[in-house]
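Listed below are the residues making up each chain.
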Amino acid sequence: NAGVTQTPKFQVLKTGQSMTLQCAQDMNHEYMSWYRQDPGMGLRLIHYSVGAGITDQGEVPNGYNVSRSTTEDFPLRLLSAAPSQTSVYFCASSFTPSPGNTIYFGEGSWLTVV
Amino acid sequence: GQQLNQSPQSMFIQEGEDVSMNCTSSSIFNTWLWYKQEPGEGPVLLIALYKAGELTSNGRLTAQFGITRKDSFLNISASIPSDVGIYFCAGQLISNFGNEKLTFGTGTRLTIIP
């Protein structure tokens, strides 16, 4: 019953450091995505993938890279962390991008950039 | 990008009271979704609406997809302490590429006063 698993849960970075947020799902979902959640702004889409080898940008992609080498994993990379990237990050997945397919969210990764 | 206005931003109610919140959009969606998020967790889907005018219930929760496809409301009847959390609306639009995109509202924080 793993569902969508994100690591790490908490991370503090210094400005300019790089890191990767890991996301894995064991439900054989084709569609995976990354969101960031900031106070008063809801969740905003960073990047998404409709299947292995395919990724695309969301609403706020700058400063982030993604790759999808396998169906199960969808890591999010911060190339050079900035304080503006302090946020809570959620990975999500669903079977297909069809309307109504339940989207499952991970438990979130709290990132602070100092 | 599309904007979702969710109101109210916060609610303080007594146990047993009914709750009503709504979302409006500047453009239409194919699907409206309502999520609940508890502290330290990712959003969990409560109700999904697929057709304009649709009214759907899930226990004490009732949600409607507005006729114009630009709005939705969520009602909670006879609130209980476990209803505490942040409620998000989300509009889903399937792009020409077939990929789903979720646009989230800014959330309604529900607090129940003992």
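Read on for an overview of the structure. In this text, all values refer to a predicted model and were calculated from it rather than measured experimentally. (Residues numbered from 1 in each chain as written. Chains lettered and ligands numbered in written order. Predicted model: local features only at pLDDT ≥ 70, side-chain atom pairs only at ≥ 80, totals over all residues. Heavy atoms only, no water.)

Within chain A, the regular secondary structure consists of zero helices and eleven strands. Against the 2.2 N^0.38 benchmark of 13 Å for 114 residues, chain A shows a C-alpha radius of gyration of 13 Å, consistent with a compact globule. With respect to the principal axes defined by its C-alpha atoms, chain A has extents near 40 × 30 × 25 Å. In chain A, which comprises 114 residues, the share counted as buried stands at 49%. Summed over all atoms, the accessible surface of chain A reaches about 5,100 Å², with 51% contributed by carbon and sulfur. Side-chain charges in chain A split into 6 positive and 8 negative, and the spacing between the mean points of these groups amounts to 11 Å. (Helix = DSSP H or I, 4+ residues; strand = E, 2+ residues; numbered from the N terminus. Rg over C-alpha atoms; globule rule 2.2 N^0.38 Å. Buried < 20%, exposed > 50% of the residue type's maximum accessible area, 1.4 Å probe, protein only. Areas by Shrake-Rupley, 256 points an atom, 1.4 Å probe, with all protein chains shown as cover. Lys, Arg positive; Asp, Glu negative; His and termini not counted. Charge placed at Lys NZ, Arg CZ, Asp CG, Glu CD.)

A few words on the side chain of Arg44(A). Residue and element names in this part refer to chain A. Residue position: Arg44 is located in strand S5 (residues 43–51). By relative accessible area, which is 17% here, Arg44 ends up buried. In this structure, Arg44 is in contact with Trp34, Tyr35, Arg36, Asp38, Glu59 and Val60, ignoring residues within four places of it in sequence. (Contact = heavy atoms within 4.5 Å.)

Let us now look at the nonpolar core. Counting residues in hydrophobic clusters, the biggest one holds 20 residues, and the most contacted among them are Trp32(B), Trp34(B) and Leu74(B). Among the elements of the structure, strand S2 (10–14), strand S3 (19–25), strand S4 (31–37), strand S5 (44–49), strand S7 (61–65), strand S8 (71–76), strand S9 (85–94) and strand S11 (108–113) of chain B are those that each provide at least two residues to this core. (Core = buried A, V, L, I, M, F, W, Y, C linked by side-chain atoms within 4.5 Å.)

A separate point is the packing of aromatic side chains. Residues and elements named next belong to chain A. Tallied over the full model, the rule gives ten aromatic pairs over all chains. Summarising the aromatic geometry, the rings of Phe10 and Trp110 are spaced 5.7 Å apart at their centres and angled 40° between planes, so their arrangement reads as tilted. Residue Phe10 is located in strand S2 (residues 10–13), and its partner Trp110 is located in strand S11 (residues 109–113); the two are separated by 100 residues in the primary sequence. For Phe10, a relative accessible area of 58% corresponds to the exposed category. (Phe/Tyr/Trp six-rings, centres within 6.5 Å; stacked < 30°, edge-to-face > 60°.)

Here the focus is the pattern of salt bridges. Applying the stated criterion to the full structure yields five salt bridges over all chains. Ionic pairing is found between Asp83(B) and Arg60(B), a salt bridge with its closest N-O pair at 2.8 Å. Note that Asp83(B) is positioned in the loop between S8 and S9 and Arg60(B) in the loop between strand S6 (55–58) and S7, a separation of 23 residues in sequence. The class for Arg60(B) is partly exposed, based on a relative accessible area of 27%. Several salt bridges converge on common partners, so that one network encompasses Arg36(A), Asp38(A) and Arg44(A). (Salt bridge = Lys/Arg side-chain N within 4 Å of Asp/Glu carboxyl O.)

All names here are of chain B. Pairing within the open sheet is antiparallel, and its five strands lie in the order S1-S3-S8-S7-S6. Only two strands of the sheet have a single neighbouring strand rather than two, namely strand S1 (4–7) and S6. Neighbour to neighbour, the strand axes of the sheet diverge by 15° on average, direction disregarded. Two strands pair when backbone bridges link them, and S1 and S3 are joined in this way by four bridges, in the antiparallel orientation. If you follow Ser7 over to S3, its bridge partner there is Asn22. (Pairing = 2+ DSSP bridges. Axes fitted to C-alpha atoms, helices over the stretch in contact; angles between N-to-C directions.)

Further remarks concern the pairing of strand S9 (residues 87–94) of chain A. Residues and elements named next belong to chain A. Among the eight residues in S9, eight count as buried, and that is most of the element. Residues Ser87, Tyr89, Cys91 and Ser93 point to one face of S9 and Val88, Phe90, Ala92 and Ser94 to the other, with burial holding for every one of them. Two strands pair when backbone bridges link them, and strand S4 (residues 31–37) and S9 are joined in this way by seven bridges, in the antiparallel orientation. Pairing of Trp34 across the sheet is with Cys91, part of S9. Relative to S11, S9 runs antiparallel, the two sharing three bridges. In the strand pairing of S11, Ser87 is matched with Leu111. Sheet analysis places S9 next to strand S10 (residues 104–105), joined by two bridges and oriented antiparallel. Bridge assignment links Ser93 to a residue of S10, and that residue is Tyr104.

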